[in-house]
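Here is what each chain is made of, one letter per residue.
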Amino acid sequence: MKRWFPILGIVTLALLSYALYEALVAAPTERTMGDVQRIFYYHVPSAWTAFLLFFLNFVASIQYLVRRKPGVDRIANWIVLGIAVAICIGAYVVPPPAGVERSAVATTGLAVAAIYFLVRKLFPGDRADILAVVTAEVGVVFCTIVLITGPLWARPVWGIWWAPGDIRLTSTLVLWLIYIAYLMLRKFSSSGNTAVIAAVLAVFGALDVPLVYFSIWFFRTQHPQPVIGGGGSIDPRMMQVLLINWVAFLFFAYLVSWSRYRLEVIKREVERAQGMQELMETRAR
Amino acid sequence: MNFLYAAYAVTWVIHIGYLTTLVRRYARLKKEIAELKK
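Residues numbered from 1 in each chain as written. Chains lettered and ligands numbered in written order. Predicted model: local features only at pLDDT ≥ 70, side-chain atom pairs only at ≥ 80, totals over all residues.

1. Thoughts on the overall build of chain A
(1) Moving on: Looking only at helices and strands, chain A features nine helices and zero strands.
(2) Moving on: In chain A, the succession of helices and strands from N to C terminus is α-α-α-α-α-α-α-α-α.
(3) Moving on: Projected onto the principal axes, the alpha-carbon positions of chain A cover approximately 75 × 45 × 40 Å.
(4) Moving on: Taken over 285 residues, chain A has a buried fraction of 30%. (Helix = DSSP H or I, 4+ residues; strand = E, 2+ residues; numbered from the N terminus. Buried ≥ 20, exposed ≤ 12 C-beta atoms within 10 Å, placed from the backbone.)

As structure tokens, this is what we get:
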């Protein structure tokens, strides 16, 4: 990866520049909102990226917890496989909500299982815990952007910065607070069980992600309706610009997460070495 | 238009701010490694 880092950096920079041009210049101007609608090209991809990172944090936390006992780990593998199969079958047996394709539900089920086993393969041992820290931190950065760009769009469009009581807005704020609490716990707790407590908090915290995502599907909110699925629609050119921006943000998130991951690995090695040094000094005395 | 530029500017200020903290943390770790090697 070290060798590919500069190349990936250049590709990401080019993608971000192109995505910025597409969002500010090439995308069509929305008829009622005007140019302020272009905030959407940063707001939505940031939210999707944050959700993906929090999902990875959820998977990594589960892996960290189940790996503590080999028997539980094996059972968890079967449960994940079972859930994936149940979702695939359920997608074709139970009628999905309006605007949702059966194949999309089935693919999501398979993707969840694939991500679970990919994380299991790529992040053995306590590397899953490192992945959890990294994805929570980078996810909070993207979620912060969502919470700031949202009101910057709402003020000229709605006439207010924030709609108190709106379930999408409130649940997103709660999600951000949960992960801030998670990072605070990791930073300031000196207990030997910090990683376990944080993993449990992450598993419960991640339950807020579907609530945030589906809140606009099932509740009447001030927040606009979904642009993909859920009966929503969008101009194809706008959708193209949105997806270009999301791809650019995914590349950027990957690069930042990789750098943060390396930093955490080195930090833990240094801490281990410092511990060893202190032990040797104590013994020498 | 001001709100649009503010949103884009804030996004990049946050990202660059976070990248700066990463660089600082790397520098601090490098110092610690140098001290360990002494």
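2. Notes on the domain arrangement of chain A
All names here are of chain A.
(1) Moving on: When the domains of chain A are assigned, the result is domain 1 (5-23 + 36-67 + 125-284) and domain 2 (69-123).
(2) Moving on: For domain 1 and domain 2, the distance between their C-alpha centroids amounts to 22 Å.
(3) Moving on: Counting residues at the interface gives 14 residues for domain 1, matched by twelve residues for domain 2.
(4) Moving on: Counting only elements with at least two residues in the side of domain 1 that touches domain 2, the list comes to helix H2 (40-66) and helix H5 (127-158).
(5) Moving on: Tallying contributions element by element places H2 first for the side of domain 1 that touches domain 2, with five residues.
(6) Moving on: For the side of domain 1 that touches domain 2, a count of residues per class yields seven nonpolar, five polar and two charged. (Domains from an automatic or database assignment. Contact = placed C-beta atoms within 7 Å. Nonpolar A, V, L, I, M, F, W, Y, C, P; charged D, E, K, R; others polar.)

3. Re helix H9 (residues 236-284) of chain A
(1) Moving on: A rise of 1.5 Å per residue sets the reference length of H9(A), with its 49 residues, at 72 Å; its end C-alpha atoms lie 71 Å apart and thus fit the reference within 8%.
(2) Moving on: For H9(A), the set of buried residues is Val241(A), Leu242(A), Ile244(A), Asn245(A), Ala248(A), Phe249(A), Phe252(A), Ala253(A), Val256(A) and Arg260(A).
(3) Moving on: In this fold, the buried residues of H9(A) make contact with helix H1 (5-26), H2 and H5 of chain A together with helix H1 (2-37) of chain B. (Expected span 1.5 Å × (residues − 1).)

4. Examining helix H6 (residues 167-188) of chain A
Residue and element names in this part refer to chain A.
(1) Moving on: Counted at 1.5 Å a residue, the expected span for H6 with its 22 residues is 32 Å, and the 31 Å between its end C-alpha atoms agrees.
(2) Moving on: When H6 is considered as a whole, its buried residues turn out to be Arg168, Leu169, Ser171, Thr172, Leu175, Ile178, Tyr179 and Tyr182.
(3) Moving on: For H6, the elements touching its buried residues are H2, H5, helix H7 (194-205) and helix H8 (208-218).

5. Description of the environment of Trp162(A)
All names here are of chain A.
(1) Moving on: Tracing the backbone shows tryptophan 162 in the loop between H5 and H6.
(2) Moving on: The sequence separation of tryptophan 162 and valine 146 amounts to 16 residues, and the corresponding C-alpha distance is 13 Å.
(3) Moving on: In this view, tryptophan 162 contacts Pro151, Ala154 and Leu169; residues no more than four positions away in its chain are not counted.

6. Some thoughts on the packing of helix H3 (residues 70-93) of chain A against helix H4 (residues 102-122) of chain A
All names here are of chain A.
(1) Moving on: Where H3 contacts H4, the two axes come as close as 7 Å, and the packing angle between them is 175 degrees. Compared by their axis directions, H3 and H4 come out roughly antiparallel. Residue-level inspection shows Val80, Leu81, Ala84, Ile87, Cys88, Ala91 and Tyr92 of H3 in contact with H4, the latter providing Arg102, Val105, Ala106, Thr108, Gly109, Leu110, Val112, Ala113 and Tyr116.
(2) Moving on: Among the residues forming the contact of H3 with H4, the class breakdown is 13 nonpolar, two polar and one charged. (Axes fitted to C-alpha atoms, helices over the stretch in contact; angles between N-to-C directions. Parallel < 35°, antiparallel > 145°, perpendicular 65-115°, else oblique.)

7. Looking at the nonpolar core
(1) Moving on: Grouped together as the largest cluster of nonpolar side chains are 64 residues, with contacts concentrated most on Ala132(A) and Phe142(A).
(2) Moving on: Residue contacts for Phe142(A): discarding those within four places in its chain leaves Ser46(A), Thr49(A), Ala50(A), Leu53(A) and Ala253(A). (Core = buried A, V, L, I, M, F, W, Y, C linked by C-beta atoms within 7 Å.)

8. Some thoughts on the interface of chain B and chain A
(1) Moving on: In this complex, chain B contributes 18 residues to the contact, which on the side of chain A involves 24 residues.
(2) Moving on: When the residues that make up the side of chain B that touches chain A are grouped by side-chain class, the tally is 15 nonpolar, one polar and two charged.

9. Here's the deal with the packing of H5(A) against H1(B)
(1) Moving on: Packing of H5(A) against H1(B) brings their axes to within 9 Å, and their N-to-C directions diverge by 165 degrees. With respect to each other, H5(A) and H1(B) are oriented roughly antiparallel. Between H5(A) and H1(B) lies a crossing of right-handed hand. Here Val141(A), Thr144(A), Ile145(A), Ile148(A), Thr149(A), Leu152(A), Trp153(A), Arg155(A) and Pro156(A) of H5(A) lie close against H1(B), whose contacting residues are Phe3(B), Ala6(B), Ala7(B), Val10(B), Thr11(B), Ile14(B) and Tyr18(B).
(2) Moving on: Looking at the contact of H5(A) with H1(B), its residues break down into twelve nonpolar, three polar and one charged. (Left-handed = near helix turned anticlockwise from the far one by under 90°.)

10. Focus on the confidence of the model for chain B
(1) Moving on: Mean pLDDT over chain B works out to 92, with 97% of the residues at or above the 70 mark.
(2) Moving on: Across the interfaces of the predicted complex, the ipTM metric reaches 0.94, alongside a pTM of 0.90. (pLDDT = per-residue confidence, 0-100.)

11. Regarding the environment of Asp73(A)
Residues and elements named next belong to chain A.
(1) Moving on: Checked against the element boundaries, aspartate 73 lands in helix H3.
(2) Moving on: For aspartate 73, a count of 14 C-beta atoms within 10 Å puts it in the partly exposed group.
(3) Moving on: For the pair aspartate 73 and glutamine 63, spaced ten residues apart in the sequence, the C-alpha separation amounts to 7.7 Å.

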